[in-house]
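Read off the chains here:
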Amino acid sequence: MRRAMRILLAALLMAAISVPALAISGQEALFGTADGALSVQSDSDSYTGADSPSDGQYPTLKLGDSDGADSTAYIVFMQNRLIQLGYLRDAADGVYGEATQDAVLAFQRNNNLPETGIADSETQRKLYSDPSTLVAAASDSSMFGGELTRVQSVLGQWGFYGGKVDGITGSGTDNAVRTFKSYMTALNPGFGVTPTPVPTATPNPNGMFGDMPVVADEPLTTPAPTSDPLTDASITPAVMDYVDGYLPFTLYRKTVSKGDSGDEVLRVQTRLKQLNYLYDPDGSFGELSDLAVKYFQRKNGLPETGIADEATQNVLFSVRAIESEEYIFPYKLIVDVSDQKVHVMQWLGDCYAGPVNSFPCASGKKDTPTPIGTYQAGGKTGDEWYYFKEFNCYAKWAYHIVGGVLFHSNTLSQPKGNPSNGGLGHRASHGCVRLRVEDAKWIYFNCPEGTTVVVRD
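Residues numbered from 1 in each chain as written. Predicted model: local features only at pLDDT ≥ 70, side-chain atom pairs only at ≥ 80, totals over all residues. Heavy atoms only, no water.

Before we move on, can you summarise the sheet that holds strand 9 (residues 393–396) with the specific residues and values?
The antiparallel open sheet is built from three strands, whose spatial order is 8-9-12. Taken across any chain shown, the strands that pair with only one partner, and hence form the sheet edges, are strand 8 (385–388) and strand 12 (411–412). (Pairing = 2+ DSSP bridges. Helix = DSSP H or I, 4+ residues; strand = E, 2+ residues; numbered from the N terminus.)

Describe in detail the sheet that holds strand 14 (residues 452–456), supporting the description with residues and values.
Strand order in the open sheet formed by nine strands is 6-14-3-4-5-13-11-10-7, with mixed pairing between adjacent strands. Of all strands in the sheet, those with a lone pairing partner are strand 6 (373–376) and strand 7 (379–380), marking the two edges. Two strands pair when backbone bridges link them, and strand 3 (residues 331–336) and strand 4 (residues 341–347) are joined in this way by six bridges, in the antiparallel orientation. Residue pairing in the sheet places K332 in a bridge with M345 of strand 4.

Lay out the pattern of salt bridges with the relevant residues and their values.
Close approach of charged atoms allows side chains with opposite charge to pair. Per the counting criterion, the structure on display carries 16 salt bridges. R89 is paired through a salt bridge with D166; the nearest N and O atoms lie 3.9 Å apart. Here D166 lies in the loop between helix 6 (147–157) and helix 7 (171–187) and R89 lies in the loop between helix 3 (74–84) and helix 4 (98–110), a separation of 77 residues in the sequence. Its relative accessible area of 34% is what places R89 among the partly exposed residues. Close ionic contact of E384 with K396 constitutes a salt bridge, the shortest N to O distance being 2.9 Å. Note that E384 is positioned in the loop between strand 7 and strand 8 and K396 in strand 9, a separation of twelve residues in sequence. Relative accessible area serves as the criterion here: at 8%, K396 is assigned to the buried category. (Salt bridge = Lys/Arg side-chain N within 4 Å of Asp/Glu carboxyl O. Buried < 20%, exposed > 50% of the residue type's maximum accessible area, 1.4 Å probe, protein only.)

Next up, the structure:
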């Protein structure tokens, strides 16, 4: 009976929750129009070849490789293409990790290539060929069924899981389950603990002392040790009791606002992350959280106070919460390769407007282009001076965009003085975006980690 009720509740839950379909066909699969929520997207409606390295220049790439600073972003190019074809859901980050290896394996399998997981020249030539000749990623509707999807959906709604509901286990889901267990254990130390069995008295079968029964002690069985919620990511019956609605979960516990920190702040931030308002939940309610809450309130018809009060949280932690179009930051940076400028857009409370400033730049050369796409920047890289080991030179105010691609000043052979501001306005680098010293410094100090950087042609 209990299992039947779980199945019924699960069906109702899945009917109530809108899950983006992975079944993509035709041009949508090839050009990623169904992947609008991803951190990295194509900026064009058709494939032009602008986001791939020059023909024939395909070094072998494998697990553990990464793009170097101010060198061709081969891995970013490849990851962007795999995203367009539906093989990779992670953001392009310039690191050849397990997710990228799995995506390459799947692409090779579907396109009649040796299944090595290594992106050799043959694999990359096929990957960048005419999209109409390629087999896109196959859909798998079964991944949206079952227990894992319900856990992701509900823990996401309650502010414990900030990722996408895809029915695929990973570190994000594991961390969400651990966090939920730890949170519930702090509220109720008995959460998920199996009670120690109480021994029952049994008559002595020997009947010593005539007809009077004598109680014999029974040794206690040692209960299995309970799991540590900080390390155990298993989805236990105790977790499912809340997920499936057998036990109620209290959505609102505490009003939080700028200057606050702790578990309730982290819950609010994590839900804002899942809804695309806030990039990096850290448990500390700062300026970015304030901007995100205000925009959430605006889009959801609530007073724009920046305070996550009970009314705000009741909407935030519900299925009716409206998503943001993009993450909220003070500024957004647009690198326009066509006119070699970086345009600074400013957040005005409901959209990015401007540009409020434009910086001349020098992006990658034709044979080592700056990769086209939309990225969440890695932020400050080192201190004032950055050393390029491969080229034995230095630059000021390096700011990480993606992979090995940086904003930085022109270079010098020694870390002293100020680099020249000359040579800007045309393609000149190995992929990085060179700027005047003062402009590189402005980005370094005014654009926090995660700031949206759009590179367009």
